[in-house]
Amino acid sequence: MPTLQTNGIETYYEVSGDGPPIVFVHGALSDHSAATQQLRAFSDAYTAIAYDVRGHGDTANPQHAPYSIDLLAEDLRAFITEMGLECPVLCGVSMGGMIAQVYASRYPDELSGLVLADTFSPEFLGRRDRIERSSLVNAVAGLVRLVGYNRAKGLVLWVGRTLERNQTTSLRTDAFPDMATVDAVNALDAVADFHTTDIDLSSITVPTLILYGEHETALIGRHAPTLSARIPNSTVRQVPDAGHASPWDNPEFFESAIRAFLASRTRIEAE
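Because the structure is predicted, anything quoted here is derived from the model rather than measured.

Undergrad: Whenever I open this one, the overall build of the protein confuses me. Can you help?
TA: In terms of regular secondary structure, the protein is built from ten helices and eight strands. Taking 271 residues into account, the globule formula puts the C-alpha radius of gyration at 18 Å, and the protein, at 17 Å, falls close to it. Its C-alpha atoms give the protein principal-axis dimensions of roughly 55 × 40 × 35 Å. Taking all 271 residues of the protein together, the buried fraction comes to 55%. Here the analysis covers contacts within the protein between residues at least 6 apart in sequence; of these, 76% occur between residues at least 24 apart. Surface exposure of the protein reaches about 11400 Å², of which carbon and sulfur atoms provide 51%.

The following block contains the structure:
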C-alpha cells in the first residue's frame, strides 16, 4: 500500500501512467477511489495521482483532531513536495476544490493549471447564500453526530438527490466509503468553516477551469460565475446531465473538458 509521511500524517495514494503530473483531490466523505475513472482515463498521457485526504480512506487523522481547509492545503503541499512533483495540475472536486483554491492562491508558482469542480468560493454571496450554506452543512453535521455517519449516510444522500431534483444517479450509498463518525464530522465542520479562510482569489494566476453540473444545487451553481470573476485566467463550463458529482455523472464530458483545457494551456505556453 503506497504511503508517504506528509505533514505529520501517513498519506495513502494511488498513481497511474507517465507524463506531466495531475493530482486529483476528492471531496468530503469520499476518498481516492472517487477518481478511479480519471486515473484510468488520464494515465495515457499523464502521471495521474489520487490521494486520501486527512481523516478519509486510508489516511488517518491523528487523535481525530479537528482541522481546517488551510491545514488540508498544507497537507497537499507536503504531499506534492514528498512526491517530487514539478508544477502539477490540480483537480479538486467539492471540498477538494476548496483545498485547491487555498493551495493555488498561496503557491501559484508551484502549479501549471487548476481545475475546480462542483465547489464554492469562501465568501458568502449575500444573506440567502449564508443561510442556505450554513443551514445545509450544519444540518447534515448535526444528523451525523446524532445517529452516526454510517447510519446517516443513506439519508444524507437522499437529501442530495432531492436537491438535484432526482436528475442524477451517481449519488448512491456505495459511492461513499464507511468512515468513523468523528472523521465525517471533522470534514463537514471544515467545509462549514471555509468562509473563515483568508483567500485572495485574484492571486490564482495559473490557467483555471471551473466545472459545475447542469443539475447542481443553486448553492454551488451561483458560485461558478463568482469564482470565474475573481480568478483572472479562468473559464467556466457546465457539465450536462450532471449534479454535484459531475466526474461520476458524466465522466466522458468531464474528462474531455479537462483534456481540452490542458491542450489549450499547452498551446498558450508554446506561443
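The rest of the description comes next.
Undergrad: Help me out: how do you make sense of the pairing of strand β2 (residues 9-16) in this one?
TA: Along a regular strand, successive side chains alternate from one face of the sheet to the other. Where strand β1 (residues 3-6) and β2 come together, four bridges link them in antiparallel fashion. Counterpart to L4 in the pairing with β2 is T11. Hairpin geometry of β1 and β2 is characterised by an intervening segment of two residues between the two adjacent antiparallel strands and by a positive phi of about 55 degrees at N7. Where β2 and strand β4 (residues 47-51) come together, four bridges link them in antiparallel fashion. Each residue of the ladder has a partner; that of V15, found in β4, is I49.

Undergrad: Sorry, what's going on with the environment of R145 here?
TA: With respect to the element layout, R145 can be found in helix α4 (residues 127-147). For R145, a relative accessible area of 48% puts it in the partly exposed group. Along the primary structure R145 and L125 are separated by 20 residues, whereas in three dimensions their C-alpha atoms are 28 Å apart. In this structure, R145 is in contact with T181, V185 and D189, ignoring residues within four places of it in sequence.

Undergrad: Where do I start with the side chain of H26 in this structure?
TA: Within the element layout of this structure, H26 appears in the loop between β3 (21-25) and α1 (36-42). Judged by relative accessible area, H26 falls into the buried class, the value being 5%. One polar contact links the side chain of H26 to the main-chain amide nitrogen of V53, over a distance of 3.0 Å. Apart from the residues lying within four places of it in its own chain, the contact partners of H26 are D31, H32, A34, Y51, D52, V53, H56, V93, M95 and G96.

Undergrad: Help me out: how do you make sense of the sheet that holds β1 in this one?
TA: Whenever strands of a sheet pair, they do so through backbone hydrogen bonds, lying parallel or antiparallel. Reading across the sheet, the eight strands line up as β1-β2-β4-β3-β5-β6-β7-β8 and stay open at both edges, with mixed pairing between neighbours. Taken across any chain shown, the strands that pair with only one partner, and hence form the sheet edges, are β1 and β8 (234-239). Each adjacent strand pair in this sheet contributes to an overall mean axis angle of 25 degrees, direction not counted. Bridging between strand β5 (residues 89-93) and strand β6 (residues 113-117) involves five bridges; their strand directions are parallel. Residue pairing across strands places V93 opposite A117, the latter belonging to β6.

Undergrad: I keep staring at the packing of helix α2 (residues 69-83) against helix α3 (residues 95-106) and nothing clicks. Help me out?
TA: The angle between the axes and the distance between the axes are what describe a pair of packed helices. Between α2 and α3, the shortest axis-to-axis distance is 9 Å and the interhelical angle comes to 70 degrees. For the element pair α2 / α3, the angle class is roughly perpendicular. Taking contact as the criterion, the partners of I69, D70, L72, A73, L76, R77 and I80 in α2 are, on α3, M95, M98, I99, V102, Y103 and R106. Partitioning the contact of α2 with α3 into residue classes produces ten nonpolar, no polar and three charged.

Undergrad: What's the story with helix α6 (residues 181-192) in this structure? I'm lost.
TA: Think of an α-helix as 3.6 residues a turn; residues three or four steps apart then line up on the same face. The terminal C-alpha atoms of α6, which comprises twelve residues, lie 16 Å apart, in line with the 16 Å expected from a rise of 1.5 Å per residue. The complete set of buried residues in α6 reads D183, A184, V185, N186, A187, L188, A190, V191 and A192.

Undergrad: Would you mind showing me how to read the nonpolar core here?
TA: Nonpolar side chains in soluble globular proteins tend to end up buried together. In terms of nonpolar packing, the biggest core is built from 57 residues, with L29, I69, L76, L90 and I99 touching the most fellow members. Not counting residues up to four positions away in its chain, the partners in contact with L29 are H56, Y149, F176, P177, M179, A184, A187 and L188. In this structure, F24, Y46, A242 and A257 belong to the second largest nonpolar core, which totals 24 residues.

Undergrad: Honestly, unusual backbone geometry in this entry has me stumped. Any pointers?
TA: Keep in mind that most residues, glycine aside, have a negative phi and that most peptide bonds are trans. In the Ramachandran plot, N7 falls in the positive-phi region, its phi being about 55 degrees despite a non-glycine side chain. Along the chain, N7 turns up in the loop between β1 and β2. The exposure class assigned to N7 is partly exposed, which follows from its relative accessible area of 40%.

Calculation criteria
- Residues numbered from 1 in each chain as written.
- Predicted model: local features only at pLDDT ≥ 70, side-chain atom pairs only at ≥ 80, totals over all residues.
- Heavy atoms only, no water.
- Helix = DSSP H or I, 4+ residues; strand = E, 2+ residues; numbered from the N terminus.
- Rg over C-alpha atoms; globule rule 2.2 N^0.38 Å.
- Buried < 20%, exposed > 50% of the residue type's maximum accessible area, 1.4 Å probe, protein only.
- Contact = heavy atoms within 4.5 Å.
- Areas by Shrake-Rupley, 256 points an atom, 1.4 Å probe, with all protein chains shown as cover.
- Pairing = 2+ DSSP bridges.
- Polar contact = N/O pair within 3.5 Å; in protein donor to acceptor, adjacent residues only side chain to side chain.
- Axes fitted to C-alpha atoms, helices over the stretch in contact; angles between N-to-C directions.
- Parallel < 35°, antiparallel > 145°, perpendicular 65-115°, else oblique.
- Nonpolar A, V, L, I, M, F, W, Y, C, P; charged D, E, K, R; others polar.
- Expected span 1.5 Å × (residues − 1).
- Core = buried A, V, L, I, M, F, W, Y, C linked by side-chain atoms within 4.5 Å.

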